[in-house]
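Chain by chain, the residues:
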Amino acid sequence: MNRSVPMLSQLRQAYFTEHSVIFYGLICLAGMGFSFTQLKPMDALLLLSCGWLLYLPQEYFSHVWVFHGVMPKHKTLYRLLYRLHLGHHDKPRRLDLLFTPMWYTLPALFLNIVIYALLTQNAARTAALSTGLILGYLMFEWWHLVVHSPYEPGPIMRYVRNQHMGHHHWNERRWYTISPPALILDVLFRSGGPVHQAPRAPSPSTAGLDNQDERLCAARLYYQDDSDWIEEASAIWRSSIEVEAKTDKSAKSPH
Ligand SMILES: [Zn+2]
Ligand SMILES: [Zn+2]
């Protein structure tokens, strides 16, 4: 029996009910409509692809320099970083901590739009580039959700999952990429390679902090009620956690 099919429909539901996906999805549709009515189809396609290419290093460097950048000493600043990314390392099965918050993505989008407008001096070209950028971001969020779920994807995403699990459980300073074409950046900046050949970090789930660190405990407390199921996982992982618990039990119980 193929168990991956019902999981995929659950994933689609989780993805398409996420408010930032709906917001950026609508902007994308409007941007595509505008680009294709104002530009020649080939020009629009080319600029959309360029927008995606421009997104890829932003995915990588946001993860390296911002998400795993300076560890804030102040509790409130740490809490912001916890919501931005470190909470996802702490509770990787929480949907409310998995999607990037719009208070980060929206200013980043505005900055991109301003730069494209200055460079192209043309509204349609700016729209096409920005739409390609947003499409890249939306694909990233989908692929990130997939690699964290029990859904069995094809060989490329299985490879990305292996690398990303290395980032979560082996060394948080390696394997920063989710979008497959951005894997080249992990190679170029020497943050890739076979997972178990890399040095093991002491605590990738807390990004190096002590498990009882005051800042971490305060952030956990602040967000503990935001999950739609339990503090460790969102409801989408309910069935897989129950299966794991059963497997654990039957493995331990004598026949
Ligand atoms: Zn992740
Ligand atoms: Zn990370």
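Residues numbered from 1 in each chain as written. Chains lettered and ligands numbered in written order. Predicted model: local features only at pLDDT ≥ 70, side-chain atom pairs only at ≥ 80, totals over all residues.

Student: Lay out helix α4 (residues 75-90) in plain terms, naming residues and giving numbers.
Tutor: Turn by turn, an α-helix covers 3.6 residues, leaving residues three or four places apart pointing in a common direction. Taking 1.5 Å per residue, 16 residues should reach 22 Å; α4 reaches only 16 Å between its end C-alpha atoms and comes up short. Along its length, α4 reaches its greatest deviation from straightness, about 70 degrees, at Y82. Within α4, the full set of buried residues consists of Y78, R79, L81, Y82, R83, H85, L86, G87, H88, H89 and D90. As for α4, its buried residues are in contact with α3 (41-67), α7 (155-169) and α9 (214-223). (Helix = DSSP H or I, 4+ residues; strand = E, 2+ residues; numbered from the N terminus. Expected span 1.5 Å × (residues − 1). Bend = angle between axes of the 7 residues up to and from the residue. Buried ≥ 20, exposed ≤ 12 C-beta atoms within 10 Å, placed from the backbone. Contact = placed C-beta atoms within 7 Å.)

Student: Describe in detail the packing of helix α6 (residues 123-148) against α7, supporting the description with residues and values.
Tutor: Where α6 contacts α7, the axes come no closer than 9 Å and their chain directions differ by 75 degrees. What the angle tells us is that α6 and α7 run roughly perpendicular. Where α6 approaches α7, its residues W143, V146 and V147 are matched on the opposing element by M157, V160, R161 and H164. In terms of residue class, the contact of α6 with α7 is made up of five nonpolar, one polar and one charged. (Axes fitted to C-alpha atoms, helices over the stretch in contact; angles between N-to-C directions. Parallel < 35°, antiparallel > 145°, perpendicular 65-115°, else oblique. Nonpolar A, V, L, I, M, F, W, Y, C, P; charged D, E, K, R; others polar.)

Student: A description of the environment of G208 should follow, citing residues and the corresponding values.
Tutor: Within the secondary structure layout, G208 lies in the loop between α8 (183-188) and α9. Between the C-alpha atoms of G208 and M71, which are 137 residues apart in sequence, the distance is 9.4 Å. Those residues in contact with G208 that lie beyond four places of it in its chain are P202 and S203.

Student: Run through α9, naming residues and quoting values.
Tutor: Every buried residue of α9 is accounted for by R215, L216 and A219. On an axial view of α9, the arc spanned by its buried residues comes to 95 degrees, and they lie on one face. Those residues of α9 that are exposed and aimed more than 90 degrees away from the buried face are E214 and L221. On the buried face of α9, the contacting elements are α4. (Arc of directions from axis to C-beta.)

Student: Can you tell me about the packing of helix α2 (residues 19-38) against α6, naming the residues and giving the values?
Tutor: Where α2 contacts α6, the axes come no closer than 8 Å and their chain directions differ by 145 degrees. Crossing of α2 over α6 shows left-handed handedness. Together, V21, Y24, G25, I27, C28, G31, M32, F34, S35 and Q38 of α2 and A124, A127, A128, S130, T131, I134, L135, Y137, L138 and E141 of α6 make up the contact between the two elements. When its residues are assigned to classes, the contact of α2 with α6 shows 13 nonpolar, six polar and one charged. (Left-handed = near helix turned anticlockwise from the far one by under 90°.)

Student: Residues and numbers for the nonpolar core, please.
Tutor: Counting residues in each nonpolar core, the largest one holds 22 residues, and the members touching the most others are L48, A128 and I134. Broken down by secondary-structure element, the contributors of at least two residues to this core are α2, α3, α6 and α8. With sequence-adjacent residues up to four places away left out, I134 is seen in contact with Y24, I27, C28, G31 and L109. Membership of the second largest hydrophobic core comes to six residues, among which are Y78, Y82, L86 and A219. (Core = buried A, V, L, I, M, F, W, Y, C linked by C-beta atoms within 7 Å.)

Student: Explain unusual backbone geometry to me, and be specific about the residues and the numbers.
Tutor: Although it is not a glycine, Q121 adopts a positive phi angle of roughly 55 degrees. Take Q121: it is sitting in the loop between α5 (102-120) and α6. Given 9 C-beta atoms within a 10 Å radius, Q121 is considered exposed. The residue W175 is not glycine, and still its phi comes out positive at about 50 degrees. Residue position: W175 is located in the loop between α7 and α8.

Student: Go over the environment of L111, please, and point to the residues and values.
Tutor: Take L111: it is sitting in helix α5. Note: C-alpha distance between L111 and S20 (91 residues apart in sequence) is 18 Å.

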